[in-house]
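Examination of the molecular architecture
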Amino acid sequence: MRTAAVVGTGLIGTSVALALAARGITVYLHDADPTAVRTAAALGAGLAETPPAPVDLAVLAVPPGRIGTTLKSCQDADLAHSYTDVGSVKEQPLRDIEALGCDVSRYVGGHPLAGRERSGPLAARADLFDGRPWVLTPARDTDTETLNRALEMVALCRAVPVVMEPRAHDHAVALVSHAPHLVSALMAARLEEAADSATRLAGQGVRDVTRIAGSDPRLWIEILGANAGAVADVLAGVADDLHDTVAALRALAAEDDAKRQEGSDGIAGILRRGNAGHARIPGKHGAPAARYEAVPVVVGDQPGELARLFADVGASGVNIEDIAIDHAPGRAAGLVELMIDPAAADGLVLDLRRKGWNVQR
């Protein structure tokens, strides 16, 4: 690949362009918003001009509902030899493409599983896709050359290619991305009318559950609309479990011993299933999930304190596998949970205490 075009210079499109340009690809940029194109070009993502000849690959970084019409117009203009997209749903866009009479042989669906809570070209990063899965969903008629060009693009973006059928992809992302977003929004909605005295008590648990609820509703309406059936199937199962959980909690609050035992068994069952499901989420680098030990350390909210803590952990010869920060309400400090190998926990606690850290363990 020597040339590429990116149609849509938002977060994902500009990040693709930056990654390709950094590896020597000549990238041409297009967007309905001329300001977005100029911004992306100023960042070094490519050229804000029409290519003089068809490029090797065009990346359509537009919402799922516009992939079909965008591909049609690009193919009519002979923009590229091959085409892919970055939409988060794959089956409906493919149906649109076929209905519009596009040349499906020169198209392969794509979905990089990476992003940020910010949007727009200024949030773009060339390393956004490093080590992240990038699903490609070839249609029955997709030719080998087009698939190979898309695979080369994924490699240039340093992502990990995963080939799936469009329907399998949509059911997978409904389970691991789209339905969780709605569940997060539903939980966050409970806070809208909550008393200030309640929200001031918010800790890491509610922050974790509601973090993704802050995303752009307009984008998510398009995503969910294109994958509504699969998401509804997942949430129907969640609704059944919620119904049973509410019944178990009512029973747990009853005065009758038998009822309370029935409620306790019901809650224990859902918690055990939750444990089992959580254990299936892959760990670091796609390896099986590992069990880590939490070492909680109080850290002052001043410049350099986290760096000093990390340096002291590194000096102890311990690798930090994960980290969480819970900010203390009304105090310029936070509780940093260092997730480490359980075998190293006791030694690290002693070392950190000797160095003056307040380890709450």
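Residues numbered from 1 in each chain as written. Predicted model: local features only at pLDDT ≥ 70, side-chain atom pairs only at ≥ 80, totals over all residues. Heavy atoms only, no water.

Scanning the protein chain for helices and strands turns up 13 helices and 11 strands. When the backbone C-alpha atoms are referred to their principal axes, the protein chain occupies close to 70 × 55 × 40 Å. Put simply, the protein chain has 361 residues, and 35% of those count as buried. The contacts in the protein chain between residues at least 6 apart in sequence include a share of 68% that link residues at least 24 apart. Total accessible area on the protein chain stands at roughly 19600 Å², and carbon and sulfur atoms take up 55% of it. The distance from the centre of the 35 positive side-chain charges to the centre of the 46 negative ones in the protein chain is 4 Å. (Helix = DSSP H or I, 4+ residues; strand = E, 2+ residues; numbered from the N terminus. Buried < 20%, exposed > 50% of the residue type's maximum accessible area, 1.4 Å probe, protein only. Contact = heavy atoms within 4.5 Å. Areas by Shrake-Rupley, 256 points an atom, 1.4 Å probe, with all protein chains shown as cover. Lys, Arg positive; Asp, Glu negative; His and termini not counted. Charge placed at Lys NZ, Arg CZ, Asp CG, Glu CD.)

Another point: the packing of aromatic side chains. How two aromatic rings sit relative to each other is set out by the distance from centre to centre and by the angle between their planes. Considering all chains together, one arrives at one aromatic pair under this definition. Measuring from centroid to centroid gives 5.0 Å for Phe129 and Trp134, while their planes differ by 50°, and the two rings are tilted. Of the two residues examined, Phe129 and Trp134, each falls in the buried class. (Phe/Tyr/Trp six-rings, centres within 6.5 Å; stacked < 30°, edge-to-face > 60°.)

This brings us to a nonpolar patch on the surface. Taken together, the side chains of Val183, Val238 and Leu242 define a hydrophobic patch exposed on the protein surface, amounting to about 220 Å² of accessible area. Within the secondary structure, Val238 sits in helix α10 (residues 228-252). (Patch = residues over 30% accessible without salt bridge, like charges linked within 9 Å, V, L, I, M, F, W, Y side chains within 5 Å. Salt bridge = Lys/Arg side-chain N within 4 Å of Asp/Glu carboxyl O.)

What follows concerns the layout of surface pockets. Within this model, the second largest pocket holds a volume of roughly 330 Å³. At the level of elements, β1 (3-7), β2 (26-30) and α3 (67-76) are the ones that each hand at least two residues to the lining of the second largest pocket. A per-class count over the lining of the second largest pocket returns 14 nonpolar, four polar and two charged. (1 Å grid on protein atoms, 1.4 Å probe; cavity = no way out; pocket = protein on both sides within 12 Å on 5 of 7 lines; lining within 4 Å. Points joined across faces, edges and corners; volume = space filled by probe spheres on them. Nonpolar A, V, L, I, M, F, W, Y, C, P; charged D, E, K, R; others polar.)

Quick look at α10 now. Side chains three or four residues apart in an α-helix point the same way, a direct result of the helix having 3.6 residues per turn. Taking 1.5 Å per residue, 25 residues should reach 36 Å; α10 reaches 35 Å between its end C-alpha atoms and fits that length. Inspection of α10 places Ala230, Val231, Ala248 and Ala251 among the buried residues, and these make up the whole buried set. (Expected span 1.5 Å × (residues − 1).)

Let's shift gears to the sheet that holds strand β5 (residues 107-112). In space, the seven strands of this open sheet follow the order β2-β1-β3-β4-β5-β6-β7, with mixed pairing throughout. Among the strands making up the open sheet, the edge pair consists of β2 and β7 (160-163). Strand-to-strand twist across the sheet, computed as the mean angle between neighbouring axes with direction ignored, equals 25°. Note that β5 and strand β6 (residues 133-138) share five bridges and pair antiparallel. Looking across to β6, one finds that Val108 is bridged to Pro138. Sheet strands in contact with helix α5 (residues 144-156) are β3 (55-60), β4 (80-85), β5, β6 and β7, and its direction is about 175° off that of β6. (Pairing = 2+ DSSP bridges. Axes fitted to C-alpha atoms, helices over the stretch in contact; angles between N-to-C directions.)

So, about the environment of Ser88. Following the sequence through the fold, Ser88 ends up in the loop between β4 and α4 (91-99). Classification of Ser88 as buried rests on a relative accessible area of 11%. Between the C-alpha atom of Ser88 and that of Arg140, which follows or precedes it by 52 residues, the distance is 20 Å. With sequence-adjacent residues up to four places away left out, Ser88 is seen in contact with Pro64, His111, His169, Val173, His178 and Ile223.

Positive phi outside glycine occurs at Asp78, with the angle close to 55°. Here Asp78 is to be found in the loop between α3 and β4. Among the residues examined, Asp78 registers a relative accessible area of 43% and is labelled partly exposed.

Take the sheet that holds strand β8 (residues 293-300) next. In spatial order, the strands read β9-β10-β8-β11; together these four strands make up an open sheet with antiparallel pairing. Every interior strand has two partners, whereas the edge strands, β9 (322-327) and β11 (358-359), have only one. Pairing geometry for β8 and strand β10 (residues 333-340), over eight bridges, is antiparallel. By the bridge assignment, Val298 is partnered in β10 with Leu335. Relative to β8, helix α13 (residues 342-354) is tilted by about 25°, and along the sheet it contacts β8, β10 and β11.

Moving on, we come to the packing of α4 against helix α6 (residues 166-189). The geometry of α4 relative to α6 is characterised by a closest axis approach of 8 Å and an angle of 145° between their N-to-C directions. Contact residues: α4 offers Glu91, Gln92 and Leu94, while α6 offers Pro166, Arg167 and Asp170. Tallied by class, the residues present in the contact of α4 with α6 amount to two nonpolar, one polar and three charged.

Before going further, it helps to examine the side chain of Thr210. Mapped onto the fold, Thr210 is located in helix α8 (residues 204-210). Setting aside its immediate chain neighbours within four residues, Thr210 contacts Ser184, Met187, Ala188 and Leu191.

Here the focus is the nonpolar core. Judged by nonpolar contacts, the single largest core of 33 residues is most densely connected at Val16, Leu20, Leu29, Phe129, Trp134, Met153 and Cys157. Among the secondary structure elements, those contributing two or more residues to this core are β1, α1 (11-22), β2, α2 (34-42), β3, β6 and α5. At seven residues, α1 tops the list of elements feeding residues into this core. Setting aside residues up to four positions removed in sequence, Phe129 forms contacts with Ile12, Ser15, Val16, Pro112, Ala114, Trp134, Cys157, Arg158 and Ala159. (Core = buried A, V, L, I, M, F, W, Y, C linked by side-chain atoms within 4.5 Å.)

Moving on, we get to the packing of α10 against helix α11 (residues 257-279). Viewed as axis vectors pointing N to C, α10 and α11 meet at an angle of 140°, and their least axial separation amounts to 7 Å. The handedness of the crossing between α10 and α11 is left-handed. Across from Asp241, Thr245, Ala248, Leu249, Ala251 and Leu252 in α10, the residues of α11 making contact are Lys259, Arg260, Gly263, Ser264, Gly266, Ile267, Ile270 and Arg273. Here the residues of the contact of α10 with α11 sort into six nonpolar, four polar and four charged. (Left-handed = near helix turned anticlockwise from the far one by under 90°.)

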